[in-house]
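Chain by chain, the residues:
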Amino acid sequence: MRCLVIGHITHDIIVKGSERIERVGGGAYYSSLALSKFCEVVVLTKVGEKFPISWLNELEEHGISVIILPSKNSTTYELKYINENRRTLRLLSKAEPFSPEEIPEGKFDIILLNPVANEIPPEMVHNFEEEWLAVDIQGFIREVKNESIRLKDIDGSFLSKVKILHADVNEFKHLNNIDPKKVDVLLISNGPESGIVYHEGQKYLYKPIKKDVKESTGAGDVFLAAFSYFYKTLPFIPALKRANAFTAMFLERRNFDFPLNEVLENAKFVEVEKVNNEK
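Okay, so let's go over this structure. (Residues numbered from 1 in each chain as written. Predicted model: local features only at pLDDT ≥ 70, side-chain atom pairs only at ≥ 80, totals over all residues. Heavy atoms only, no water.)

1. Description of the packing of helix H1 (residues 27-35) against helix H5 (residues 219-233)
Moving on, step 1. The interhelical angle for the contact between H1 and H5, taken along N-to-C directions, is 40°, at an axis separation of 8 Å. Judged by the sense of rotation from one axis to the other, the crossing of H1 with H5 is right-handed. Two secondary-structure elements touch here, H1 through Gly 27, Tyr 30, Ser 31, Ala 34 and Leu 35 and H5 through Asp 221, Val 222, Ala 225 and Tyr 229.
Moving on, step 2. Its residues placed into classes, the contact of H1 with H5 shows 6 nonpolar, 2 polar and 1 charged. (Axes fitted to C-alpha atoms, helices over the stretch in contact; angles between N-to-C directions. Helix = DSSP H or I, 4+ residues; strand = E, 2+ residues; numbered from the N terminus. Left-handed = near helix turned anticlockwise from the far one by under 90°. Contact = heavy atoms within 4.5 Å. Nonpolar A, V, L, I, M, F, W, Y, C, P; charged D, E, K, R; others polar.)

Right, dumping it as structure tokens:
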């Protein structure tokens, strides 16, 4: 199976109290690492000349092919954590956006768009309407004012034909003109709390596994990637349970070095409830 992930891999500056750490990040980074457990992954990204090449080598060590397009700057974020589930973002610099001509050729079983700073133009989504397409909305609804990030309302009708769409509960409030019945699967995550999923228009509630989590960065990106793979190969509910279990194990360990049989065991503890007679 071949999977394509498109998005800016970022230079992240993590601030927790007096602690300051610089490391690689971005939705494309976390999603590609998650997918590398299951398929041959190609990542399309843009970084500047000063981006540490060792961070990209890490992806290649996991068997991921990285297509690097040149950019004057890299996308650099400062993430200041208030607690394990709350953070503020500042965009310090930004790489250049993608264009349709830069999409790699070839057949991919899954295409995952995971922008972090409006680097994928909405009209570019239409290029993939005939594909098995998964999309995270975070990079489509962010806007920058004096380096600070805030969420803006957008017309989400351009996303109505994607296979899988992910947003967290706060992001989803900014997505207008999107009909859950037109998206095959709409994932609305809510951190460690119960989330909502629409599958073919039917609403479900799911309860994630409780884990001791010190940092939540990458949770939504891993969840989307894992679900995309499992849903490609399994019915909806087993896919949802396994994606939740996979994400919980990543958050607990902050790596992907765990056997898949443990994912199957943990998936048994994910609760999924069908919501009937919703008005």
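Picking up after the structure, the text goes on.
2. Description of the side chain of Asn 266
Moving on, step 1. Locating Asn 266 in the fold gives a position in helix H7 (residues 260-267).
Moving on, step 2. Discounting residues that sit within four places of it in the chain, Asn 266 has contacts with Ile 209, Lys 211, Ala 245 and Met 249.

3. Describing H5
Owing to its 3.6 residues per turn, the α-helix aligns residues three or four sequence positions apart on the same side.
Moving on, step 1. Relative to the 21 Å expected for 15 residues at 1.5 Å per residue, H5 spans 21 Å between its end C-alpha atoms, a close match to the ideal helical length.
Moving on, step 2. Counted residue by residue, H5 has 12 buried out of 15 residues, so it is predominantly covered.
Moving on, step 3. For H5, every residue scored as buried is listed here: Ala 219, Asp 221, Val 222, Phe 223, Leu 224, Ala 225, Ala 226, Phe 227, Ser 228, Tyr 229, Phe 230 and Tyr 231. (Expected span 1.5 Å × (residues − 1). Buried < 20%, exposed > 50% of the residue type's maximum accessible area, 1.4 Å probe, protein only.)

Spatial relationships are all this shows, so hold off on functional conclusions.
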